[in-house]
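Geometric and topological summary
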Amino acid sequence: MTRRAYRGTDVEVSFDGDLCIHATECVRGLPAVFDRERRPWVFADNATAEEVSAVIERCPSGALQYHRLDGEPSEPTGPVTTVTVVENGPLALRGDLVVRHEDGTHERLPRAALCRCGQSKNKPFCDNSHLEAGFQASGATRTEVLSDLPHPAIP
């Protein structure tokens, strides 16, 4: 699936269904904006740009991203990358990430959920196959912080 954009007055929301792991941070956080039963399912103007941005930043997979149209900064990415091992689930990464797809292409993301069970049909990303596979592994009690990692050149 390609990334789809939902433009509001002050913020544009983009969504890539191939990255979504249905953590429901968006739906629980702002049901007036994110409603899976409605088409289109995103109405960016049903909340303030600040509220929409804050909820999108809680999306663990990077499937949702935003671009501020009101002159405020878009999603921050810092020089520090964090990796959290999710119990019985994926690796949750945050930072200025460059992810290489199986076909060799690269994508820059602020967040990503990477497969840890080996069953994903969308590697390197998690697609929740770990649930059906019954994958079990401990999770981190803390987040690992990685910094000063060189990025590969994006062709």
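Here the structure is a predicted model, which is why all the values come from computation and not from measurement. (Residues numbered from 1 in each chain as written. Predicted model: local features only at pLDDT ≥ 70, side-chain atom pairs only at ≥ 80, totals over all residues. Heavy atoms only, no water.)

1. Observations regarding helix H2 (residues 49-56)
Here is the rule: The rule is simple: take the accessible area with a 1.4 Å probe, protein chains only, and divide by the maximum for that residue type; under 20% is buried, over 50% is exposed, in between is partly exposed. Only DSSP runs of H or I with at least four residues qualify as helices, and only runs of E with at least two residues qualify as strands; both kinds are numbered from the N terminus onward. The arc in question is the one traced by the directions running from the helix axis out to the C-beta atoms. By definition in these notes, contact holds between two residues if any of their heavy atoms fall within 4.5 Å.
Within the span of H2, buried status applies to Ala49, Val52, Ser53, Val55 and Ile56. Along H2, the residues classed as buried sweep out an arc of 165° about the axis, all on the same side. Close packing links the buried residues of H2 with strand S2 (11-15), helix H1 (25-29), strand S3 (64-68) and strand S6 (106-114).

2. Some thoughts on the pairing of S2
Short version of the rule: Two strands form a pair only when DSSP identifies at least two bridges running between them.
Within S2, 4 of the 5 residues are buried, leaving the element largely enclosed by the surrounding structure. By the bridge criterion, 4 bridges tie strand S1 (residues 4-7) to S2 in an arrangement that is antiparallel. Bridged to Tyr6 within S2 is Val13. The hairpin formed by S1 and S2 contains 3 residues between the paired strands.

3. Structural notes on the side chain of Arg111
Inclusion rule: We call two N or O atoms a polar contact when they sit within 3.5 Å, provided that within protein one can donate a hydrogen and the other can accept it, with sequence-adjacent residues counted only if both atoms are side-chain atoms.
Summarising the element assignment, Arg111 is placed in strand S6. From its side chain, Arg111 meets the backbone oxygen of Ile56 in a polar contact 3.3 Å long. Ignoring anything within four residues of it in the chain, the contact list for Arg111 reads Ile56, Glu57, Cys59, Pro60, Ser61, Gly62, Leu64, Gln65, Glu75, Leu93, Arg94 and Leu97.

4. Concerning the pattern of salt bridges
The cut-off we apply is this: Between Lys or Arg on one side and Asp or Glu on the other, a salt bridge is scored when a side-chain nitrogen of the former is within 4 Å of a carboxyl oxygen of the latter.
Counted by the stated rule, this structure contains 7 salt bridges. Residues Glu25 and Arg58 are paired through a salt bridge, measuring 3.4 Å at the closest nitrogen-oxygen approach. With Glu25 in helix H1 and Arg58 in the loop between H2 and S3, this residue pair connects regions lying 33 residues apart in the sequence. The salt bridge partner of Arg111 is Glu75, with a shortest N-O separation of 2.8 Å.

5. Concerning the environment of Glu75
Relative to the assigned elements, Glu75 resides in the loop between S3 and strand S4 (80-85). As for Glu75 and Pro110, which are separated by 35 residues in sequence, their C-alpha atoms are 7.7 Å apart. With residues near it in sequence (within four places) discarded, Glu75 still touches Glu57, Gln65, Tyr66, Pro110 and Arg111. Looking at Glu75, its side chain comes within polar contact range of the side chain of Arg111, at 2.8 Å.

6. A closer look at the state of the cysteines
Stated formally: Criterion for a disulfide: a pair of cysteine sulfur atoms within 2.5 Å.
Within the structure shown, the criterion is met by 0 disulfides. Cys115 carries a free sulfur, and the closest cysteine sulfur to it, the one in Cys117, is 3.9 Å from it.

7. Considering the environment of Gly62
For Gly62, the location among the structural elements is in the loop between H2 and S3. Residues within four places of Gly62 in sequence aside, it is in contact with Arg3, Leu19 and Arg111.

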